[in-house]
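Fold and contact review
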Amino acid sequence: MDVQKYKELLKEYVSFKSISTDLEKKEDMLQTVEWLKNLFQSNGFEVKSLEVEGTNPLVFASYKLSDDAETVLVYGHYDVQPADKEDGWNSEPFELTERNGRLYARGVMDNKGQSFVHIFTVLELIKQKKLKYNVKFIIEGGEEVGDVDSLIKIITENKDLLTCDHILVSDGELVAGRPSFDSSFRGGMNLTVKFKVSDNNVHSGVYGGAVANSAFELSKLLAKIYDDNNVVTIPGFYNDVDEITEKQLKNNKRLTEIDAGKVLTNVGFKALRTENNKYDFYTQTGLRPTLQVTGLKSGYIGNGYANIVPNVAEARINFRLVASQSPQRVLELFENFVRENTPEYVQSEVVASGLHDPVKLKTDSEQFSKVRKMLEESYGSEVFDYYVGGAIPVIAKMKEIFGIDAVSVGLANDDCNMHGVDENF
């Protein structure tokens, strides 16, 4: 692989501010699409833009070697998180910078740099006449905004176009500095819980102490979700959770020994908090479900003080669910929990979005064995199974549509600062 040429092209790729959360960056998104299409077309690929109304285009590129060759479908995304040098970056986030053997830029890991490893490698193999597979790429532009429904619709409507024998994804990290297969992904959803106690905010001196406070009432609900042992108290929440096997525990114990607590201390946490203090970090985050409050809003938090009793409060909550839990069923359980723990004088509302299923991948097939051997030779290390706490919903959907377990291999360093300042590869 011509690493210098890879870096030259990657420098162009990351320079596009393809921030899907920012509607003002629509032109940057389209420029990124055109850059990808031109790159593929100039190297002999058939290229199309696939999209549904209201979404960023998905770039589809296909290179057919022969009718006899098997076909590999490679997934990636070109959209990135927002970034500004004023956030604390040591260099301009959309200018590829190399320091001490690392490449710094927004998207250099998530996901432009990783998926471009596969793109660039295929281009090199074509030039060298060493390619052994038909190859299809789908590079989407809505991953960072969680536009799962649009992507699934595109894949479903273009099933024949995307048909393949193997699926390859690289959108994660090494684990404890070791290569691994992503062996499962948690499913889940996001939701908003809203409490309303009156028509308007009222004066805290005139009304305070005599009426309900929405912030207090919502806080009391949230405080009931977990007990003192970090166990979720929602009735039925754990009912469908798969049993953890001895093989999984052994795998995660080895990762824990290698990691030596760095996964926590690297980001400043003082202690591990798992269910009943029973599980290691990798087992808790990969094989057990959770729900986390990701945002709270109520009253006034501007300069100075507004002496009010807030009439409305809301919490944003993220669910991470494991096989064989159903997001729809868990949502029903949570809605029941809210109803049962909401006083009569409070009006409650739950609005959910982005429901997606957990998925298990079989990593003991012949194809996985081939990749495992290559990883062992490349890294000089044993290859672990990684039970991922996050989600790549398209992997579950492609398994459903094509009946194929994706080979999902993270290529990034585990201190890459994904979504953070000085993202690096």
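Here, the structure is the one placed above.
Read on for an overview of the structure. (Residues numbered from 1 in each chain as written. Predicted model: local features only at pLDDT ≥ 70, side-chain atom pairs only at ≥ 80, totals over all residues. Heavy atoms only, no water.)

**Describing the side chain of Asp110**
- With respect to the element layout, Asp110 can be found in the loop between strand E5 (102-104) and helix H3 (112-127).
- Among buried charged residues, Asp110 stands out as having no salt bridge; its nearest opposite-charge side chain is Arg106, 7.3 Å away.
- A polar contact is formed between the side chain of Asp110 and the side chain of His419, at a distance of 2.9 Å.
- The residues touching Asp110, leaving out its near neighbours within four places in the chain, are His77, Asp79, Val80, Glu144, Asp171, Met418, His419 and Glu423. (Helix = DSSP H or I, 4+ residues; strand = E, 2+ residues; numbered from the N terminus. Buried < 20%, exposed > 50% of the residue type's maximum accessible area, 1.4 Å probe, protein only. Lys, Arg positive; Asp, Glu negative; His and termini not counted. Salt bridge = Lys/Arg side-chain N within 4 Å of Asp/Glu carboxyl O. Polar contact = N/O pair within 3.5 Å; in protein donor to acceptor, adjacent residues only side chain to side chain. Contact = heavy atoms within 4.5 Å.)

**Some details on the pattern of salt bridges**
- Applying the stated criterion across every chain, the model contains 17 salt bridges.
- A salt bridge links Glu98 to Lys7; its shortest N-O distance comes to 3.0 Å. Separated by 91 residues along the polypeptide, Glu98 in strand E4 (residues 97-99) and Lys7 in helix H1 (residues 3-14) bring together distant segments of the chain.
- Here the salt bridges do not stand alone but share partners, grouping Arg254, Glu257 and Glu382 into one network.

**A closer look at the nonpolar core**
- Core analysis: the biggest nonpolar cluster contains 39 residues, and Leu10, Leu36, Phe40, Phe45, Phe116, Ile119 and Phe137 have the highest contact counts within it.
- Elements that contribute at least two residues to this core include exactly H1, helix H2 (26-41), strand E2 (58-63), strand E3 (71-77), H3 and strand E6 (134-140).
- In terms of residue count, the dominant contributor to this core is H3 (seven residues).
- Not counting residues up to four positions away in its chain, the partners in contact with Leu36 are Tyr13, Val59, Tyr78, Ile119 and Ile139.
- Among the nonpolar cores identified, the runner-up in size contains 27 residues, and Phe60, Leu151, Ala396 and Phe402 belong to it. (Core = buried A, V, L, I, M, F, W, Y, C linked by side-chain atoms within 4.5 Å.)

**Let's talk about the environment of Ser91**
- Mapped onto the elements of the fold, Ser91 is located in the loop between E3 and E4.
- Judged by its relative accessible area of 9%, Ser91 falls in the buried class.
- When the C-alpha atoms of Ser91 and Ala105 are compared, they prove to be 8.1 Å apart, with 14 residues separating the residues in sequence.
- Excluding anything up to four places from it in sequence, Ser91 contacts Lys85, Thr97, Arg99, Tyr104 and Asp422.
- A distance of 3.3 Å separates the side chain of Ser91 from the side chain of Arg99, its partner in a polar contact.

**Describing the packing of H1 against H2**
- Direction vectors running N to C along H1 and H2 enclose 150 degrees, while the axes themselves pass 10 Å from each other. Here H2 runs roughly antiparallel to H1, going by the angle between their axes. Residue-level contacts link Leu9, Glu12 and Tyr13 of H1 to Thr32, Trp35 and Leu36 of H2.
- Per-class residue counts for the contact of H1 with H2 are four nonpolar, one polar and one charged. (Axes fitted to C-alpha atoms, helices over the stretch in contact; angles between N-to-C directions. Parallel < 35°, antiparallel > 145°, perpendicular 65-115°, else oblique. Nonpolar A, V, L, I, M, F, W, Y, C, P; charged D, E, K, R; others polar.)

**Here we look at H3**
- The terminal C-alpha atoms of H3, which comprises 16 residues, lie 22 Å apart, in line with the 22 Å expected from a rise of 1.5 Å per residue.
- Taken across its 16 residues, H3 has 13 buried, putting it largely inside the fold.
- Two residues or fewer after H3 comes Lys129, characterised by a positive phi angle close to 55 degrees. (Expected span 1.5 Å × (residues − 1).)

By themselves, these observations are geometric and do not establish any function.
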